[in-house]
Amino acid sequence: MKSRLGLLVCCAALLSSCGGSDKSTGSAPEIAVMEVKTTTAHLTNSYPATIKGKQDVEIRPMVSGFITRLHVDEGAVVKKGQTLFTIDQVQYKAAVETAQAAVKTAEAALKTQQLTTENNRELNKRGIVSDYQLSTSENQLAQAEATLAQAKATLTNARRNLEYTEVASPSDGIVGEIPYRIGSLVSASMATPLTTVADNSEMFAYFSMPERQLLKMIQEGGSTKEILADMPNVNLQLIDGTIYADSGRVETISGVIDPTTGSVSMRAKFPNPHNLLRSNSTGDVVFPNILTDIILVPQSATTEIQDKKFVFVLQPDNTVKNTEIQIYKLNDGTHYYVTGGLKAGDKIVVEGVQAIHDGQAITPITPADKENAYQQALKDQREGNIQTAFN
């Protein structure tokens, strides 16, 4: 118990030596400082996104009837042209047969009328049939031709309706929810589709960027086409925090600013070869943000006054000057990226900044020296070297 108390007393003594002058000697306290250097920082900007398939196609019937067969289930991967549903075909097959019969009847009537008209033309030349009778016969021929054309059109429509009983997928994709099952009566006018086929071969991530950032891009890049061309590849952070394997590209920028949010809508496209991404899922579109020739300082080395950041800069006479710095809006949680107020080669205080003041004289040492002295003091305490532990 006594050894623990002694250790605490010694640590307190060491900490107190960081601020103020050494009262026993009157010398300036030893304070750790570091020389700042420029570096390259790899930051990111993230924007919440909603993920949609390349196209989500609602599957609706073109004819009415009862569903007699389901060819797929929910979540199935389908190809373009693959049959999804079959609607009762009995009445549509009957309509085709009726139309075929009507065509044959019209063809026979047309052939009969063609023979009659040809005969009347010959008789008219001999003066046996009047011009009026010939004209009547020719009109009847035209009527027979029109009847045949109408019958063929009806047959074509009947065959198309029969084809519509086999509801096929218009594209490759994944089948969504199927609210209608075998025996359900469906029609083209119903509000809810039979299902939805999501083409997920490529995915679109829709997100919004603040107007201020877009304005900066326009000022730097020019036209929308130039901005899109200069944009780097973006990443997609999934809902579980992982980064999607394939990068994407921003393809579109809306021409309208949303007045309620002050932001502009954008769309990025991502490949989806393994169908990992699904429509209506969420994530974050991540933009790389590379800062060159930037100075990195520990957050613990700064103080804050009225939302402004300050550091103590070592002067040639070993006094410190409280100096305001400008920092980048993003940080990594432990450092600030300084955009102004410091230059490479400056030395700043990195410990005990709350215990010193502007203009104070210090004895600068490196953080490594400070750590070594601290570890040596702890060692001396453990070994019972009390005199050297307190030096």
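This is a predicted model, so every value here is computed, not measured.

1. What to know about the overall build of the protein chain
A count of helical and extended segments in the protein chain gives seven helices and 19 strands. Taken over C-alpha atoms, the radius of gyration comes to 42 Å for the protein chain, far larger than the 21 Å a tight globule of 391 residues would show. Expressed as a percentage of the 391 residues in the protein chain, the buried residues total 35%. Long-range contacts, defined as pairs at least 24 residues apart, comprise 74% of the intrachain contacts of the protein chain with a sequence gap of at least 6. In the structure as shown, the protein chain presents an accessible area of about 23100 Å², 52% of it carried by carbon and sulfur atoms. With 36 positive and 43 negative side-chain charges, the protein chain shows a spacing of 4 Å between the two charge centroids.

2. Thoughts on the pairing of strand β2 (residues 38-59)
Sheet topology places β2 next to strand β13 (residues 281-298); 13 bridges connect them, and they run antiparallel. Directly across from T44, in β13, lies its bridge partner P288. With ten bridges joining them, β2 and strand β9 (residues 195-210) adopt antiparallel strand pairing. Its bridge partner lying in β9, I51 is registered against A205.

3. Re the environment of V57
Tracing the sequence through the fold places V57 in strand β2. Once the C-alpha coordinates of V57 and G173 are considered, the two residues, 116 residues apart in sequence, prove to be 9.2 Å apart. When residues no more than four places from it in sequence are discounted, the contact partners of V57 are P170, S171, T195, T196 and V197.

4. Some thoughts on helix α2 (residues 90-125)
Because the α-helix completes a turn every 3.6 residues, residues three or four places apart line up on one side. The end-to-end C-alpha distance of α2 is 53 Å, a good match for the 52 Å that 36 residues give at a rise of 1.5 Å each. Residues Y92, V96, A99, V103, A106, L110, Q113, T117, N120, L123 and N124 constitute the buried set of α2. Residues of α2 that are buried in the fold lie against α3 (131-164). Directly beyond the C-terminal end of α2, a positive phi value near 85° is found at G127.

5. Comments concerning the packing of aromatic side chains
Inspection of the entire model under this criterion finds five aromatic pairs. Where F207 meets F287, the ring centres are 5.9 Å apart and the plane angle is 65°; that geometry is what we call edge-to-face. Of this pair, F207 sits in strand β9 while F287 sits in strand β13, placing them 80 residues apart in sequence. Classification of F207 as buried rests on a relative accessible area of 3%. What links up through ring pairs into an aromatic cluster is the set Y47, F207 and F287. One Lys or Arg, R267, reaches over the ring of F204 and ends 4.2 Å from the middle of that ring.

6. As for the environment of L314
Mapping L314 onto the fold places it in strand β15 (residues 308-314). Overall, the relative accessible area of 15% leaves L314 in the buried class. Sequence-wise, L314 and Q114 are 200 residues apart; in three dimensions their C-alpha atoms are separated by 113 Å. When neighbours within four sequence positions are excluded, L314 is seen to be in contact with V33, T319, V320, K347, I362 and P364.

7. Some details on the pairing of strand β12 (residues 263-271)
Of the pairings in the sheet, the one linking β9 to β12 comprises nine bridges and is antiparallel in character. If you follow F204 over to β12, its bridge partner there is K269. Where strand β11 (residues 249-258) lies against β12, six bridges are found, and the strand directions are antiparallel. Opposite D258, over in β12, you have S263 as the bridge partner.

8. A look at the confidence of the model for the protein chain
Averaged over every residue, the pLDDT of the protein chain is 87; residues scoring 70 or more account for 90%. Of all the helices and strands in the protein chain, helix α1 (residues 2-16) carries the lowest mean pLDDT, 41, while strand β5 (residues 83-87) carries the highest, 97. Scored below 50 in pLDDT, residues 1-21 makes 27 contacts in the model with residues more than four places away or belonging to other chains.

The rules behind these values
Residues numbered from 1 in each chain as written. Predicted model: local features only at pLDDT ≥ 70, side-chain atom pairs only at ≥ 80, totals over all residues. Heavy atoms only, no water. Helix = DSSP H or I, 4+ residues; strand = E, 2+ residues; numbered from the N terminus. Rg over C-alpha atoms; globule rule 2.2 N^0.38 Å. Buried < 20%, exposed > 50% of the residue type's maximum accessible area, 1.4 Å probe, protein only. Contact = heavy atoms within 4.5 Å. Areas by Shrake-Rupley, 256 points an atom, 1.4 Å probe, with all protein chains shown as cover. Lys, Arg positive; Asp, Glu negative; His and termini not counted. Charge placed at Lys NZ, Arg CZ, Asp CG, Glu CD. Pairing = 2+ DSSP bridges. Expected span 1.5 Å × (residues − 1). Phe/Tyr/Trp six-rings, centres within 6.5 Å; stacked < 30°, edge-to-face > 60°. Lys NZ or Arg CZ within 6 Å of the ring centre and 35° of its normal. pLDDT = per-residue confidence, 0-100.

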